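Chain by chain, the residues:
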Amino acid sequence: MLNVGDKAPDFAAKNQRGKEIRLSDFAGKKNVVLYFYPKDDTPGCTKEACNFRDQLPVFTGLDTEILGVSVDNEASHQKFVDKYNLNFSLLGDDSKEISRKYGALKESGSAARMTFVIDKNGIIQKIYPAVKVDGHWEEVKEVLQSLMSKV
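Residues numbered from 1 in each chain as written. Predicted model: local features only at pLDDT ≥ 70, side-chain atom pairs only at ≥ 80, totals over all residues. Heavy atoms only, no water.

## Some words on the overall build of the chain
Selection rule: A run of DSSP states H or I qualifies as a helix once it reaches four residues; a run of E qualifies as a strand once it reaches two. Both are numbered from the N-terminal end. Each residue's exposure class comes from its accessible area (1.4 Å probe, protein chains only) as a fraction of the maximum for that residue type: buried when under 20%, exposed when over 50%, partly exposed otherwise. What makes two residues a contact is simply this: any of their non-hydrogen atoms within 4.5 Å. Exposure was quantified through the Shrake-Rupley algorithm and a 1.4 Å probe, taking into account, for residues, occlusion by the shown protein chains and nothing else. Asp and Glu count as negative and Lys and Arg as positive, but His and the ends of the chain are not part of the count. A charge is said to be at NZ when it belongs to Lys, at CZ for Arg, at CG for Asp and at CD for Glu.
Of the regular secondary structure elements, the chain holds five helices and seven strands. In sequence order, the secondary structure elements of the chain are arranged as β-β-β-α-α-β-α-β-α-β-β-α. Taking all 151 residues of the chain together, the buried fraction comes to 47%. Pairs at least 24 residues apart make up 66% of the contacts formed inside the chain by residues separated by at least 6 positions. Of the roughly 7300 Å² that the chain leaves accessible, carbon and sulfur atoms contribute 48%. Each charge class in the chain can be summarised by its mean position, and for the 22 positive and 22 negative side chains these summaries are 1 Å apart.

As structure tokens, then:
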């Protein structure tokens, strides 16, 4: 089980366009909001993704990259991105390796709705183990603002 203050486990996964993304790509450059969600194009997951989409300028202003992760594959992610004009990377975790590393894999085989806020040094600053979609982006924003004020 991961805790606040732990080094976030590195990973490599392909996004919806087939580009390999590694957590370490952002080391020293950007904070990362790594959010896990159960399934593309379902009501709660769509609402969460669209909230992050609509607020991306806020997160960009906080030197933050948004990365969504589910056990869906690249093709499913691309359809989801196209349908809702999502403007950030969705990572395919069909091997379930990332979800396992982060403790987000449910017994059903899908990812739990969890969020990790990871700072530029790769340290977990906040864990949301059971995300409620309404207001979640605002909670995450506040954590990031707090990090920025410590710099």
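Structure's up, so let's keep going.
## So, the sheet that holds strand β3 (residues 31-36)
This is how it is decided: Two strands qualify as a pair provided DSSP detects at least 2 bridges between them. To obtain each axis, a line is fitted to C-alpha atoms, and for helices this fit is confined to the stretch in contact; angles are then taken between N-to-C directions over 0 to 180 degrees.
Taking strand neighbours across the sheet as the criterion, the five strands line up as β5-β4-β3-β6-β7 in an open arrangement whose pairing is mixed. Pairing within the sheet leaves two strands with one partner each, and these edge strands are β5 (89-92) and β7 (124-128). Sheet twist, expressed as the mean angle between neighbouring strand axes with direction ignored, is 20°. For β3 and strand β6 (residues 114-118), the ladder comprises five bridges, and the chain directions are antiparallel.

## Some points on the pairing of β6
Across the five residues that make up β6, a large majority, five, are buried. Residues Met114, Phe116 and Ile118 point to one face of β6 and Thr115 and Val117 to the other, with burial holding for every one of them. Both β6 and β7 contribute to a ladder of four bridges, which runs antiparallel. Bridge pairing in β7 places Phe116 opposite Ile127.

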